[in-house]
Protein chains: 2
Amino acid sequence: MQRNSIKVSMAVVRRLPKYHRYLGELIENDVNRISSKELGKIMGLTASQIRQDLNCFGGFGQQGYGYNVNDLYKEIGSILGLNREYKTVIVGAGNLGQAISNYEGFRREGFKLLAMFDVNPRLVGNTIRDIKIHDIMELEDFVRDNGVNIGIICVPKSSSQEIADILVRANIRALWNFAPNDVNVPDNIIIENVSINESLYTLTYLMNEDNLDI
Amino acid sequence: MQRNSIKVSMAVVRRLPKYHRYLGELIENDVNRISSKELGKIMGLTASQIRQDLNCFGGFGQQGYGYNVNDLYKEIGSILGLNREYKTVIVGAGNLGQAISNYEGFRREGFKLLAMFDVNPRLVGNTIRDIKIHDIMELEDFVRDNGVNIGIICVPKSSSQEIADILVRANIRALWNFAPNDVNVPDNIIIENVSINESLYTLTYLMNEDNLDI
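Residues numbered from 1 in each chain as written. Chains lettered and ligands numbered in written order. Predicted model: local features only at pLDDT ≥ 70, side-chain atom pairs only at ≥ 80, totals over all residues. Heavy atoms only, no water.

The next thing to look at is the UniProt feature "binding site: NAD(+)" (unreviewed entry) in chain A. Look at the UniProt record and you will see "binding site: NAD(+)" (unreviewed entry) annotated at G92, A93, G94, N95, L96 and G97 of chain A. Looking at the element boundaries, G92 of chain A is found in the loop between β3 (86–91) and α5 (95–101). Discounting residues that sit within four places of it in the chain, G92 of chain A has contacts with G97, M116, F117, D118, C154 and V155 of chain A. For N95 of chain A, the residues in contact, after removing those within four places along its chain, are N95, Q98, A99 and R129 of chain B. (UniProt positions renumbered as here; feature names shortened; annotations may be inferred. Helix = DSSP H or I, 4+ residues; strand = E, 2+ residues; numbered from the N terminus. Contact = heavy atoms within 4.5 Å.)

It is worth spelling out the relation of the copies chain A and chain B at this point. For the pair chain A and chain B, the best superposition has an RMSD of 0.0 Å and corresponds to a rotation of 180 degrees with a translation of 0.0 Å parallel to the axis. Interpreted geometrically, this transformation is the action of a two-fold axis. It is N95 of chain A whose C-alpha, among those of chain A, lies nearest the rotation axis, at 2.4 Å. Most of the interface of chain A is mirrored in chain B, where 100% of its interface residues are also at the interface. (Least-squares fit on C-alpha atoms with pLDDT ≥ 70 in both.)

Residues and elements named next belong to chain B. Spatially, seven strands are ordered β5-β6-β4-β3-β7-β8-β9 in an open sheet, and the strand pairing comes out mixed. Each end of this open sheet is capped by a strand with a single partner; those strands are β5 (127–128) and β9 (190–193). Pairing between strand β3 (residues 86–91) and strand β4 (residues 111–118): six bridges, direction parallel. Within β4, the position partnered with K87 by the bridge is K112. (Pairing = 2+ DSSP bridges.)

This paragraph deals with the UniProt feature "domain: CoA-binding" (unreviewed entry) in chain A. As annotated by UniProt and renumbered to match this structure, "domain: CoA-binding" (unreviewed entry) occupies residues 81–182 of chain A. Secondary structure over residues 81–182 of chain A splits into 27% helix and 28% strand, and the C-alpha atoms at its two ends are 24 Å apart.

We now examine the pattern of salt bridges. In the structure shown here, the tally under the stated rule is 18 salt bridges over all chains. With a closest N to O distance of 3.2 Å, D182 of chain B and R21 of chain A form a salt bridge. Taken as a pair, D182 of chain B in the loop between β8 (174–177) and β9 and R21 of chain A in helix α1 (residues 10–28) lie in two separate chains rather than in one. Note on accessibility: D182 of chain B and R21 of chain A belong to one class, buried. With a closest N to O distance of 4.0 Å, D141 of chain A and R144 of chain A form a salt bridge. Highlighted residues: D141 of chain A and R144 of chain A, both in helix α6 (residues 139–146), separated by three residues, approximately one helical turn. Looking at R144 of chain A, the relative accessible area reads 37%, which means it is partly exposed. Each of K18 and R21 of chain A together with D182 and E198 of chain B takes part in one network of salt bridges that share partners. (Salt bridge = Lys/Arg side-chain N within 4 Å of Asp/Glu carboxyl O. Buried < 20%, exposed > 50% of the residue type's maximum accessible area, 1.4 Å probe, protein only.)

To continue, consider the domain arrangement of chain A. Domains assigned within chain A are domain 1 (10–79) and domain 2 (86–198). Between domain 1 of chain A and domain 2 of chain A, the C-alpha centre-to-centre distance is 32 Å. (Domains from an automatic or database assignment.)

Every buried residue of helix α4 (residues 69–79) of chain B is listed here: V69, L72, E75, I76, G77 and I79 of chain B. Looking at the buried side of α4 of chain B, the elements it contacts are α8 (196–208) of chain A together with α1 (10–28), β1 (33–34), α3 (47–55) and β2 (67–68) of chain B. The backbone nitrogen of N70 of chain B has a side-chain oxygen 3.1 Å away, supplied by the residue at the start of α4 of chain B, namely N68 of chain B. Once α4 of chain B ends, the next one or two residues include G81 of chain B, with phi positive near 80 degrees. (Polar contact = N/O pair within 3.5 Å; in protein donor to acceptor, adjacent residues only side chain to side chain.)

A general tendency of soluble globular proteins is for nonpolar side chains to be buried together. One finds W176 of chain A together with W176 of chain B to be the most contacted residues of the largest nonpolar core, which totals 101 residues. When sequence neighbours within four positions are dropped, the list of residues in contact with W176 of chain B reads I196, S199, L200 and L203 of chain A together with I100, F106, I150, G151, I152, I153, E192 and V194 of chain B. (Core = buried A, V, L, I, M, F, W, Y, C linked by side-chain atoms within 4.5 Å.)

Residues and elements named next belong to chain B. Among the six residues in β3, five count as buried, and that is most of the element. Bridging between β3 and strand β7 (residues 150–153) involves four bridges; their strand directions are parallel. Within β7, the residue paired with V91 across the bridge is I153.

All names here are of chain B. Under the counting rule described, the total for this entry stands at eight aromatic pairs over all chains. Judged by centre distance (5.4 Å) and plane angle (70 degrees), the ring pair of F117 and F142 falls under edge-to-face. Here the residue F117 occupies a position in strand β4, and F142 occupies one in helix α6 (residues 139–146), the gap between them amounting to 25 residues. Taking the relative accessible area as the measure of exposure, F117 reaches 0% and is therefore buried. Arranged with centres 4.8 Å apart and planes meeting at 65 degrees, the rings of W176 and F178 form a pair that is edge-to-face. (Phe/Tyr/Trp six-rings, centres within 6.5 Å; stacked < 30°, edge-to-face > 60°.)

The next subject is the environment of N126 of chain A. Residue and element names in this part refer to chain A. Looking at the secondary structure, you find N126 in the loop between β4 (111–118) and β5 (127–128). Sequence separation between N126 and M10 is 116 residues, and the spatial gap between their C-alpha atoms is 40 Å. If near-sequence neighbours (up to four positions away) are discounted, N126 is found in contact with I131, K132 and I133. A polar atom in the side chain of N126 sits 3.3 Å from the backbone oxygen of R122.

Accessible area lost on assembly of the parts is the figure often given for the size of an interface. Listed by partner, the interface residues are 69 residues for chain A and 70 residues for chain B. Overall, the association of chain A and chain B removes approximately 6,600 Å² of surface from exposure, summing both partners, and the carbon and sulfur fraction of that is 60%. Along the contact surface separating chain A from chain B lie eight salt bridges. Applying the counting criterion to the chain A and chain B interface returns 24 residue pairs in polar contact (both at pLDDT 80 or more). Elements with a minimum of two residues in the side of chain A that touches chain B: α1, α5, β8 (174–177), β9 (190–193) and α8 of chain A. With 13 residues, the top contributor of residues to the side of chain A that touches chain B is α8 of chain A. (Buried area = accessible area lost by both parts, 1.4 Å probe.)

Within a sheet, neighbouring strands are paired by backbone hydrogen bonds and run either parallel or antiparallel to one another. Residue and element names in this part refer to chain A. The strand order β5-β6-β4-β3-β7-β8-β9 describes an open sheet built from seven strands, whose pairing is mixed. The outermost strands of the open sheet, each flanked by one partner alone, are β5 and β9. Relative to strand β6 (residues 131–135), β5 runs antiparallel, the two sharing two bridges. In the sheet register, T127 faces β6, and the bridge partner there is K132.

Next up, the structure:
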């Protein structure tokens, strides 16, 4: 497929997973094609926004027909890099690490969870859904030896930077960080900080917005 | 404090929790004042971006002095609505619900977790860190009788809409949704969908961006 040779803005990139999710739901409901107007309606976007977003990638729609749902889903999945396999480890095997390991969307083809790691001797050696919990001391060698691509950080704030440093030393490519602080990594490492607090505080802002004298 | 009578853009609002967090860390490190340049450096923003953001709220800085860290922290906390108390419940007491109940930033003054709810008879009746897990059948009455403000949804995709509907019927004010699908609520309900998948797929996009022919 012909695509435009332009850098896609992060605002568009961050909407692509939403397109992917809604298109997946349409496929589950046996919908084969959809107009930008209909797609906009279920996604809460305007038809022109939809067309503009998808045009960044060369456009997939045909006038008078709309979008082929299967094709669009596959193409967006491929743009998002969901058509290949990633080797992952989770560091921190507490509730959060276990929740992520079991989260719909992570437990799909493509994301291969090789191991979990923890410092807690009561957890180390246990197996959760076929995934072994290793001692944190084994982390660096394991990541290097197995060519792990994505390190998922589910440890408290106090140790998140240390874990990030270990993963970077072990040649990790990307970090998905759930600790409530940003971690610093070299420019060549991809990082996504999942800021759960930011979402909560946006919620409380909105709850009080009407009372604010701003 | 005098503030401008303008609606603050959501882009600025979503940056406020980050300011709040970094200022909190400065306070922990006994920093009393900071220039927009220094603050920008640790936050990865330009000094002019910092000044522009904070000007939305009337500006707090003084030329040649910078910002008083304590005042700014308190003021942003108040704008974010963190100076009042919220009654919350968590629906879904599995790993994710337990992880949220224990998350730094949620376990702070102000967020009062009254109860957790689940369908699983092995969980119902148990107590986790002093919080009782109730049968989901009690949810509607409990929320109404106790004037709960925020409902936190930690159930699978298949039941998230049903839970949202119950909470709305019980006069909840806001929903913090961790299920991997958006839930529909009336316009008067505040909702934050935490899209963990969107963050993961943004990560995989960035991992593959260099190889994309776009």
